[in-house]
Amino acid sequence: MFPLNIRIGFFLAVRALRRASLWTTGLIIFVMVLTFLNLVVISGILVGLLQGAVDAVRTEYTSDVIVSTLSDKSYIENSPNIIAIAASLPDVEGLTARYAEASRLEAGYQTRKASDKPNIANAYVIGIDPREEDAVTGIAADIIEGEFLAPGDYDKIVLGNYLLDQYIPIDTPGLATLDNVGVGSKIRVHVGDVTREVTVKGILKSKVDEIALRAFMVDSQFRSIIGRNDGNVDEIAIKVEEGVDPRDVRDALLLRGVGEEAKVQTFEDAQPQAFKDIIATFNMLGAMFSSIGLVVASITIFIVIFVNALTRRKFIGILKGIGINGRAIEISYVFQSIFYAVIGSAVGLALVYGFLVPYFVANPIDFPFSDGILVAPLEQTFFRVGLLVTSTIIAGYIPAWMIIRKNTLDSILGRN
Amino acid sequence: MIEVRNLKKTFVNGEIETPVLKGIDLKVADGEFIAIMGRSGAGKSTLLYQMSLLDEPTAGEILVDERYAHSMSESEKVQFRLSEFGYVFQDYALLPELTALENVALPLLMKGLGKMLSYHQARAALEKVGVGHRPNNLPSQLSGGEQQRVSIARAIAHNPKILFADEPTANLDNESSHAVLEIFRELHRKGQTIIMVTHEEEFATEAGKIVRIDDGRIVSVEADR
Ligand SMILES: Nc1ncnc2c1ncn2[C@@H]1O[C@H](COP(=O)(O)OP(=O)(O)OP(=O)(O)O)[C@@H](O)[C@H]1O
Ligand SMILES: [Mg+2]
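Scope of this entry: the structure provided in the associated data block. Everything numeric here is computed off the predicted structure, so don't read it as measured data. (Residues numbered from 1 in each chain as written. Chains lettered and ligands numbered in written order. Predicted model: local features only at pLDDT ≥ 70, side-chain atom pairs only at ≥ 80, totals over all residues. Heavy atoms only, no water.)

Quick notes on the interface of chain B and chain A
1) Next: Taken together, the 27 residues of chain B in the interface contact 24 residues of chain A.
2) Next: Both sides together, the interface formed by chain B and chain A hides about 2300 Å², and carbon and sulfur atoms give 69% of it.
3) Next: Interface area lost by chain B to chain A is led by Glu97, Leu106 and Met110 of chain B, which between them contribute 27%.
4) Next: The tally of links between chain B and chain A comes to four salt bridges.
5) Next: The partner of Glu102 of chain B in a salt bridge is Arg19 of chain A, with the nearest N and O atoms 3.7 Å apart.
6) Next: Inspection of the region where chain B meets chain A yields six residue pairs in polar contact (both at pLDDT 80 or more).
7) Next: Among the elements of the structure, α2 (74-84) and α3 (100-110) of chain B are those that each provide at least two residues to the side of chain B that touches chain A. (Contact = heavy atoms within 4.5 Å. Buried area = accessible area lost by both parts, 1.4 Å probe. Salt bridge = Lys/Arg side-chain N within 4 Å of Asp/Glu carboxyl O. Polar contact = N/O pair within 3.5 Å; in protein donor to acceptor, adjacent residues only side chain to side chain. Helix = DSSP H or I, 4+ residues; strand = E, 2+ residues; numbered from the N terminus.)

Considerations on the sheet that holds strand β9 (residues 209-214) of chain B
Residues and elements named next belong to chain B.
1) Next: Reading across from one edge, β6-β7-β8-β3-β9-β10 is the order of the six strands in this open sheet, with mixed pairing throughout. Edge strands, defined here as strands with exactly one partner in the open sheet, are β6 (85-88) and β10 (217-223). Recorded for the sheet is a direction-independent mean angle of 15° between the axes of neighbouring strands.
2) Next: Relative to β10, β9 runs antiparallel, the two sharing six bridges. Residue pairing for β10: Ile210 is matched across the bridge by Glu222.
3) Next: Helix α6 (residues 174-189) contacts β3 (33-37), β7 (162-166) and β8 (193-197) of the sheet and is inclined by roughly 150° relative to β8. (Pairing = 2+ DSSP bridges. Axes fitted to C-alpha atoms, helices over the stretch in contact; angles between N-to-C directions.)

Quick look at helix α11 (residues 326-362) of chain A
All names here are of chain A.
1) Next: Taking 1.5 Å of rise per residue, the 37 residues of α11 would be expected to cover 54 Å, and the 53 Å separating its terminal C-alpha atoms lies within 8% of that figure.
2) Next: Taking the largest bend as the criterion, α11 deviates by roughly 35°, centred on Val352.
3) Next: One side-chain oxygen at the N-terminal end of α11 lies 2.9 Å from the backbone nitrogen of Arg327; it belongs to Asn325. (Expected span 1.5 Å × (residues − 1). Bend = angle between axes of the 7 residues up to and from the residue.)

Considerations on the sheet that holds strand β4 (residues 59-64) of chain B
Residue and element names in this part refer to chain B.
1) Next: Sheet architecture is open: four strands sit in the order β2-β1-β4-β5, paired in antiparallel fashion. Each edge of the sheet is formed by a strand with only one pairing partner; in this case those strands are β2 (16-28) and β5 (67-68).
2) Next: Taken together, the two bridges between β4 and β5 define a ladder with antiparallel strand orientation. In the sheet register, Leu63 faces β5, and the bridge partner there is Tyr68.
3) Next: Its contacts with the sheet put helix α1 (residues 44-51) on β1 (2-13), β2 and β4, and the angle it makes with β1 is roughly 120°.

Things to note about the environment of Asn6 of chain B
1) Next: With respect to the secondary-structure elements, Asn6 of chain B resides in strand β1.
2) Next: Ignoring sequence-local partners within four residues, the contact set of Asn6 of chain B consists of Gly23, Ile24, Asp25, Ala59 and Gly60 of chain B.

A look at the pattern of salt bridges
1) Next: Counted by the stated rule, this structure contains 37 salt bridges over all chains.
2) Next: Lys77 of chain B is the partner of Glu56 of chain B in a salt bridge, and the nearest nitrogen-oxygen pair spans 3.0 Å. Residue Glu56 of chain B is located in the loop between α1 and β4, and its partner Lys77 of chain B is located in helix α2; the two are separated by 21 residues in the primary sequence.
3) Next: Residue class for Lys77 of chain B comes out buried when judged on its relative accessible area of 6%.
4) Next: One salt-bridge network, in which partners are shared between bridges, spans Arg98, Glu133, Arg214 and Glu235 of chain A. (Buried < 20%, exposed > 50% of the residue type's maximum accessible area, 1.4 Å probe, protein only.)

Shown next, in the form of structure tokens:
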């Protein structure tokens, strides 16, 4: 059984809470819920903004493992061999090989007078197998106008939205975009010395720069434009089976010597350092805001318990006078604080996991560089619940201790 | 049983010293019912607090059950008050959020008695003082006289050696005062030691001994008239 003081403390706390004003109790719990949300949601959304971006890059661009050109090479040597190796790994669900070449896109040349400013944009043109690409990254779903490429399309191109003036959210100096181009427009693609006139088949919209700033053509035709017949590609995105750690696939490829001819990275390795830095910064900011919230909640509880104990000082004196242990009275206040913190956290947990997380999954925050979600890992959340409860216990214990330790008779008589 | 020797109490407030008890000698035997009387400000309450171990005297000795009070630690005093003493205050001093029954049962629970036994004894104490029919009322749902009887029940439920009462009838009407006095008389008849402070001659005559105090000294002791 529990020690006597704890039992008596519980006895007193239950009755104090039961007879307390509903308004006061409700208000205190409300403060605790807000604190909990502050603790979990602020950093959760900050991190979630970035997590949304990380997730998007992974699904739309790198997939789980990305094999790319070594920095001193202009393409992946021995590509067919590498593709064969990757495809033969049991954990690989699918892959897509891409040709990439820096190009200049030109529009409006049909009517342009010599004195007009040329209507051009610089872009990587990517040659893909439309079926394989869509199977791995699902970017066909990002089409907002026209249609995605189909195998066998000839002289057709799909443009990322950042290449088009009308889809640039803000006027960015230095970023040349195509003016007055839509589905059906004819534009020229200049790659090296080769120029081809193609028709815009569709427009892709993505918050991932690597997609939004690219143009896509069917690989079979693109190979002939860039004059590459050896089957060597520039990047290979590999999707692994559900539940497989991408690192295992990366290591399997490296083990088979793929690292000699190409850079092999998991989606995490490929994240720009800036991303990781921003996530760390946001986590720190979140922790800062959370600490402030924690301090506010602690002060709230401190004041509530202090005022409560002060107005009941006479009764505390009487309790001690008739022989109730001061410890038991202190514990009764600790129980009351725990009650507020636990109920507050429980309501907060229900709100976060029952409402907010699913809500943000269904309605992500529309941020320029990502679709923000609410990231609230259970483990971290429960750590914060623990933090809240602990600080509340301390914040409740101190004022109770301050008043209970006062002289018994002084308390009974209301003397100082 | 309880003995006070040359007891002095002086309150010090900065520069000002207020001598309130100036040398009190008093012996209370088991089973005695003592009334302490005197005009307002004479030091009656102060004496009661010293004897009941709620306060510490400036000088002199208090012997309870052959133990010197000054040799007891604070927690020993708390334990002593819990198991050996019972208190009735002028303003009832019941906990507002506890029912009558819970108020009475609390010291029993604190003594480590089981819940069943505590509530059983508490109920018996309430019956004894005639408020057994309202066990689940909060103090605010009881009359002053009923509250004072609940507070007496709390003071006697654990069969204390000594019952201390500081003007237990001061806030009550005549009828309730008589009821309270009747309870005291009955307790005394069964052997309860009682030390009661009162203003009223009429009630003091119930006691076996009247101790009169003035200006911090005992001026007369009238025994068994
Ligand atoms: N803490 C204190 N500091 C200074 N003086 C005090 C203090 N407590 C009590 N006194 C003084 O001691 C004297 C006796 O007080 P006490 O309460 O014992 O009187 P009493 O006989 O019980 O009077 P009453 O019948 O009005 O209750 C009073 O003059 C009071 O002013
Ligand atoms: Mg008095």
